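Now for the letters of each chain:
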Amino acid sequence: MLALSARGILPKVDYAIFADTGWEPQAVYDHLDRLEREIAIPAGIPILRVSAGNIRKDALDPNHRFASMPLYILNLDGRPGMIRRQCTGEYKIKPIKKAVRDLLGYPYPASIPRNVFVEQWVGISTDEFHRAKDSDVKYMRNRHPLIDIGWSRADCERYLTSLGLADTPKSSCLGCPFHGNAQWRNIRDTSPGEWADVVAFDAAIRQGNARANATGNRLLGEAFLHRSRVPLDQAPIDHVTAAEWAALQQLGEGEADAEELEQGVADGCSPWACRGEVEPVQSDFGLTS
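Conventions adopted
Counting starts from 1 at the beginning of each chain's written sequence and moves along it residue by residue. Whole-chain, interface and lining totals are the exception, using all residues; otherwise, since this is a predicted model, local features are given only for residues with pLDDT of at least 70 and side-chain atom pairs are given and counted only at 80 or more. By convention in this description, side-chain values take in all heavy atoms of the structure and omit both hydrogens and water. By definition, two strands form a pair when at least two bridges between them are found by DSSP. The secondary structure listing takes helices from DSSP runs of H or I that are at least 4 residues long and strands from runs of E that are at least 2 residues long, numbered from the N terminus. The handedness rule is simple: strands pointing away from the viewer, and a clockwise path from the first strand over the helix to the second, make the crossover right-handed. Axes here mean lines fitted to C-alpha atoms, for a helix over just the part in contact, with angles spanning 0 to 180 degrees between N-to-C directions. N or O atoms closer than or at 3.5 Å make up a polar contact, with two conditions inside protein: a donor-capable atom paired with an acceptor-capable one, and, for residues adjacent in sequence, both atoms drawn from side chains. Any pair of residues with heavy atoms lying within 4.5 Å of one another is described as a contacting pair. Here a Phe, Tyr or Trp ring, Trp counted by its six-membered ring, pairs with any other such ring whose centre lies within 6.5 Å, and the pair is stacked when the planes are under 30 degrees apart, edge-to-face when over 60, and tilted otherwise. Relative accessibility under 20% of the residue-type maximum defines a buried residue, over 50% an exposed one, and the middle range a partly exposed one, all with a 1.4 Å probe and only protein chains included. Remark: a charge is flagged as sitting over a ring if the NZ atom of Lys or the CZ atom of Arg is within 6 Å of the ring centre and within 35 degrees of the ring normal. Salt bridges are defined as contacts in which a side-chain nitrogen from Lys or Arg sits within 4 Å of a carboxyl oxygen from Asp or Glu. Take the buried Ala, Val, Leu, Ile, Met, Phe, Trp, Tyr and Cys residues and link them wherever side-chain atoms come within 4.5 Å; each set so joined is a nonpolar core.

### Looking at the pairing of strand β2 (residues 47-50)
- In this sheet, β2 lies alongside strand β1 (residues 16-19) in parallel orientation, the contact comprising 4 bridges. Opposite Phe18, over in β2, you have Arg49 as the bridge partner.
- Read from β1 through helix α2 (residues 26-43) to β2, the crossover connection turns out right-handed.

Structure below.
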C-alpha cells in the first residue's frame, strides 16, 4: 500500500505507521529501512515507528506487567492448552492508537470530537476479505484499499516483484508461537544467531510467567513456542506433511507451509489481521499477570 500510494496508484497518505514489538527478525528492520529510503522519503511520506516496549525483554522481566503471548501449554495432567493472546493488542494496536491520538492533537485521555478522525488503511487482500473489519474506536475509520482495487495476495507479490521487492519478509515476532514449521526452519537455517535467541527464550519461558513466579504462584504447567509442546530445538520442525508437499508442487518451493493449508494460518502478524487468529483451547496455566 505504501508503494501504491507513493506512486500515485492510490491517494497519497499522510503517514505510514510501523508498530515495533522490539523482537522482529533483522530482515524486517532492514526491509523497513529500505522502504523508507527508496519509497517513502522520495514520496514525502513519513514512516512513524511506534513501540510499547520490547516483548521479549518484558516477558522475562518479573517486574514488568506482561501481555501474554499465545504460548502452547502442557498442563500437569497432560492436557494440552494455549494461553490467550494479548500481545497484538498491547504491542501493536495500543501504540498505533496512541500515535493517531497524538497526530490528531488529542492525546489520551482527551475526548476526541465526533467529526475528528483519521482514515486508516489496513492491508488485507481479497484472499482474506473476511478479516476486514470496522475500527473499534470512532476516531479511526478503517479502509481496505487492496480489496477496493480487487488485488489478491498474488497481485501484491507480482507488484512487489516489479519493484525489486520480491524478497519482502513477513513481519512477526521472532518467537511467535503461530509460526509454522517452514518459518521455524527458515530461522534455523538462515540465521543461527536468531535461532539461538528463540531457543533460549523457549527454554526461559518453560516455567511460566516471570512475574507470577516471582510472587510465588503455583506452577500449573509448562509453556512452549512450538505446537508439539516439546523444546524448540527438539521440535519436529523438519516434518513436511503431504499437504505441504502438494502446495510446494503447485506454488513453488517456499511459498506455502503445511500449517497454512491445514489451519488457514499464514506466518505473519498484522495489528488488525493477526494471521494466527485461530481460537485457542484455553489452558489452566493461569500464570499471566
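### Observations concerning the sheet that holds strand β4 (residues 80-82)
- Ordered by their spatial adjacency, 3 strands build an open sheet running β4-β3-β7, and the pairing between neighbours is antiparallel. Only two strands of the sheet have a single neighbouring strand rather than two, namely β4 and β7 (221-224). Within this sheet the neighbouring strands show an average axis-to-axis angle of 30 degrees, counted without direction.
- Taken together, the 4 bridges between strand β3 (residues 72-75) and β7 define a ladder with antiparallel strand orientation. Its bridge partner being in β7, Asn75 is matched across the sheet by Gly221.

### Some thoughts on helix α6 (residues 153-162)
- Sitting at the amino-terminal end of α6 is Ser152, which places a side-chain oxygen 3.3 Å from the backbone nitrogen of Ala154.
- Phi for Gly164, located one or two positions after α6, is positive at around 80 degrees.

### Here's the deal with the side chain of Thr21
- The topology assignment puts Thr21 in the loop between β1 and α2.
- Once residues lying within four places of it in the same chain are set aside, the contact partners of Thr21 are Gly53, Asn54, Ile55, Tyr91, Lys92 and Cys173.

### Re the packing of aromatic side chains
- Per the stated rule, a full pass over the model turns up 2 aromatic pairs.
- Here the aromatic rings of Trp151 and Tyr159 are separated by 5.5 Å at their centres, their planes lie at 65 degrees, and the arrangement is edge-to-face.
- A relative accessible area of 15% places Tyr159 in the buried class.
- Note that Arg141 overlies the ring of Phe117, its terminal NZ or CZ placed 3.5 Å from the centroid.

### Describing the pattern of salt bridges
- What the rule picks out here adds up to 18 salt bridges.
- Notably, a salt bridge pairs Lys94 with Glu90, separated by 3.1 Å at the nearest N-O pair. In this pair, Lys94 and Glu90 are both assigned in helix α4 (residues 87-104), 4 residues apart and thus about one turn of the helix distant.
- Judged by its relative accessible area of 43%, Lys94 falls in the partly exposed class.
- What makes Glu90 buried here is its relative accessible area of 17%.

### With respect to the nonpolar core
- Counting residues in hydrophobic clusters, the biggest one holds 29 residues, and the most contacted among them are Trp23, Ile55, Met69, Leu71, Trp184 and Trp195.
- With 4 residues, helix α8 (residues 192-204) is the largest single contributor of residues to this core.
- Ala16, Ile39, Ala43 and Ile47 belong to the second largest nonpolar core, which has 21 residues in total.

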